[in-house]
Amino acid sequence: MVIPSPFVYWAQTDKTISLKIDLKNVIKPDISVGDNNIKFKTKGIGAHGETNYEFSLDLFSSVKPTNEATTVRIFDNRVDVVIQKEKPSWWPRLTAQPQKPAWLKINFDLWKSEDGQESEEERNVMQDYPGLYDTLQKEEMGYRKEDFKKVYLVMYNLFQFIGYTYVLCVIGIRYAKLEYDSVADTYEHVGPAMKFLQLMMFLEVMHPMFGYTKGGVLVPFLQVSGRAFILFVMIESEPRMQTKPVVFYLFILWSTIEIVRYPFYIAQLYKKEIYILTWLRYTMWIPLYPLGIMCEAIVILRNIPYFEETLKFTVSMPNEWNFAFHMPTFLRVYLLVLTFPGMYFVMSHMHKLRTVKLKPKIVIKKCK
């Protein structure tokens, strides 16, 4: 009669091996730990129902065979065994042979624990031994399980890239067919897509807040909010501005920047250094950012007479809040801030990033 083996889930630290044996109602298991093997026998409820279970494993390296070095904990739904390694090290696998039995699984929930029994301190094994974790996970699951945050960021950046590529394609195709006659209808055809993509960009302000990306919140907030102000307040709210040629050029500049920026972020998530993409990301801003700021300034400048005529967004006294706001005056002040301090701040920030990202690599060679 063949005695079945229970499902066993293993994890490790540099000093211990932990086994979670998936059996219920175990009373007195028979566990024997040798120099480089472990044997287990007991009766319990597992995948084959209530019966006797046993397994024997030849371990990858030596462990401490003494009873004091092995800890056994019996729970209602499992048995936990912690074995001390003879020498601190990270094993590439649990078994001596590369082939492992089908009932032996990896316990990914405990993979980051530095000490399975006593220590609560956490260490990131994926950073210390990146290849080891990936190899074991791929061997166990048949594929490399991606982190949720990484998958989300890839999907977000890919969506934005496709969106801005769509905007550029629509503008380009219409211009190829109608030439300059297509300029006046640019906002009518791609305005809804631009508004949706711009609203999605506010997620980039929240990403560093939630720890999804590195960096601060202030810079992305100022950049996204400034563009949203131009798009929603200056263009969307004034129909006469929507037909101006400056909107055509502004949308081209915005989209050109983004179809490089988002693929660069995807490459960074996978730690792929594509030099041409990096160079474009930290070089295209030199001509495009000043041109974009100039177009935004033209939009504001052209809108001042319209807002003086319509008094849109202007709050006059008397009112119940005892508050007054004159939109044309605000636009004049905003125009001064955008043209001088705003441009200097953005260009200085990008110059610092370019200096860091594109600095020449120093290669030190040993003299023979």
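Preceding this paragraph is the structure being described.
Each chain carries its own residue numbering, running from 1 in the direction its sequence is written. Two thresholds apply to this predicted model, a pLDDT of at least 70 for residue-level local features and 80 or more for giving and counting side-chain atom pairs, whereas whole-chain, interface and lining totals are computed over all residues. As a rule here, side-chain values come from all non-hydrogen atoms in the structure, and water together with hydrogens is ignored.

Asks: Would you mind going over the overall build of the protein chain with me for this structure?
Replies: Only DSSP runs of H or I covering at least 4 residues are called helices, and only runs of E covering at least 2 are called strands; the numbering of each starts at the N terminus. What the protein chain contains, in helices and strands, is 11 helices and 8 strands. Split into buried and exposed, the 368 residues of the protein chain put 38% on the buried side. Should any heavy atoms of two residues lie within 4.5 Å, those residues are counted as being in contact. Taking contacts inside the protein chain between residues at least 6 apart in sequence as the whole, the part at least 24 apart equals 66%. Buried, partly exposed and exposed residues are distinguished by accessible area as a fraction of the type maximum, computed with a 1.4 Å probe on protein chains only: under 20%, between the cut-offs, and over 50%, respectively.

Asks: Would you explain a nonpolar patch on the surface in this entry?
Replies: Patches here are clusters of residues that have more than 30% relative accessible area and form no salt bridge, with a 9 Å joining cutoff for like charges and a 5 Å cutoff for nonpolar side chains (Val, Leu, Ile, Met, Phe, Trp, Tyr). For the accessible areas, the method is Shrake-Rupley and the probe is 1.4 Å, while residue cover comes only from the protein chains on display. The salt bridge definition used is simple: a Lys or Arg side-chain nitrogen within 4 Å of an Asp or Glu carboxyl oxygen. Nonpolar side chains collect at one region of the surface, where M206, M209, F210, V217, L218, F221, L222 and F345 lie side by side and expose about 760 Å² of accessible area between them. When residues in the nonpolar patch are grouped by element, the largest group, 3 residues, is from helix α6 (residues 218–236). Residue class for F345 comes out partly exposed when judged on its relative accessible area of 38%.

Asks: How should helix α10 (residues 285–310) be read in this particular structure?
Replies: Residues lying three or four places apart along an α-helix face the same way, a consequence of the helix completing one turn every 3.6 residues. For α10, which comprises 26 residues, the first-to-last C-alpha distance of 36 Å matches the rise-based estimate of 38 Å (1.5 Å per residue) to within 8%. Bend, in this description, refers to the angle at a residue between axes fitted to the seven residues ending there and the seven starting there. Bending of α10 peaks at approximately 35° at the position of I304, with proline P305 no more than four residues after it. At the C-terminal side of α10, L311 shows a positive phi close to 60°. Given the number of residues in a helix, its expected span is that number minus one, multiplied by 1.5 Å.

Asks: Mind showing me how you'd approach the packing of helix α8 (residues 245–269) against α10 here?
Replies: Working note: a packed helix pair is described by the angle between its axes plus the distance between those axes. Viewed as axis vectors pointing N to C, α8 and α10 meet at an angle of 145°, and their least axial separation amounts to 9 Å. In terms of crossing hand, the pair formed by α8 and α10 is left-handed. In this structure, α8 contributes V246, Y249, L250, L253, W254, T256 and I257 to the contact, and α10 contributes L288, Y289, L291, G292, C295, E296, I298 and V299. Each residue receives one of three labels: charged for Asp, Glu, Lys and Arg, nonpolar for Ala, Val, Leu, Ile, Met, Phe, Trp, Tyr, Cys and Pro, and polar for the others, Gly being one of them. Taken together, the residues that form the contact of α8 with α10 break down as 12 nonpolar, 2 polar and 1 charged. Axis lines are fitted through C-alpha atoms, for helices just across the contact stretch, and the angle between N-to-C directions can take any value from 0 to 180 degrees. With the far helix as reference, a near helix turned anticlockwise by less than a right angle produces a left-handed crossing, and one turned clockwise produces a right-handed crossing.

Asks: Just to check I follow, could you spell out the environment of V247 for this structure?
Replies: Residue placement: V247 occurs in helix α8. Among all residues touching V247, those that are not within four sequence positions of it are Y187, I235, M241 and Q242.

Asks: Which parts of the structure should I look at to understand the packing of aromatic side chains?
Replies: We describe a pair of aromatic rings using the distance from one ring centre to the other and the angle between the two ring planes. For Phe, Tyr and Trp, rings pair up if their centres lie within 6.5 Å, where Trp contributes its six-membered ring, and each pair is then called stacked (planes under 30 degrees apart), edge-to-face (over 60) or tilted (otherwise). Applying the stated criterion across every chain yields a total of 21 aromatic pairs. Here F60 and W91 contribute two aromatic rings whose centre-to-centre distance is 6.1 Å and whose plane-to-plane angle is 50°, an arrangement assigned as tilted. You can see F60 sitting in the loop between β5 (49–58) and β6 (70–74) and its partner W91 sitting in the loop between β7 (79–84) and β8 (104–106), a full 31 residues away along the chain. Residue classification places W91 among the buried residues on the basis of a relative accessible area of 2%. Clustering of aromatic rings is evident, with ring pairs tying together Y152, Y156, Y164, Y212, Y262, F264, Y265 and Y282. In this scheme, Lys NZ or Arg CZ marks a charge over a ring once it lies within 6 Å of the ring centre and within 35 degrees of the ring normal. Here the basic side chain of K20 rests over the ring of Y9, its NZ or CZ set 5.0 Å away from the ring centre. Stacked on the ring of Y262, the Lys or Arg R261 has its end atom at 4.5 Å from the ring centre.

Asks: I would appreciate a short explanation of the sheet that holds strand β2 (residues 16–21) in the present structure.
Replies: Pairing between sheet strands relies on hydrogen bonds along the backbone, with the strands arranged either parallel or antiparallel. Taken in spatial order, the 5 strands line up as β6-β7-β2-β1-β8 in an open sheet, and their pairing is mixed. At either end of the open sheet lies a strand with only one pairing partner, and these are β6 and β8. Shown here is a sheet whose adjacent strand axes are inclined to one another by a mean of 20°, direction ignored. Strands are treated as partners if at least two bridges between them are detected by DSSP.

Asks: Can you walk me through helix α11 (residues 327–357) in this structure?
Replies: Maximal helix bending in α11 amounts to about 40°, located at G342. Taken as a whole, α11 has its buried residues at M327, P328, L331, L335, L338, V346 and M350. The inward-facing, buried residues of α11 abut α6, α9 (275–281) and α10.

The quantities given are spatial measurements derived from coordinates; they are silent on function.
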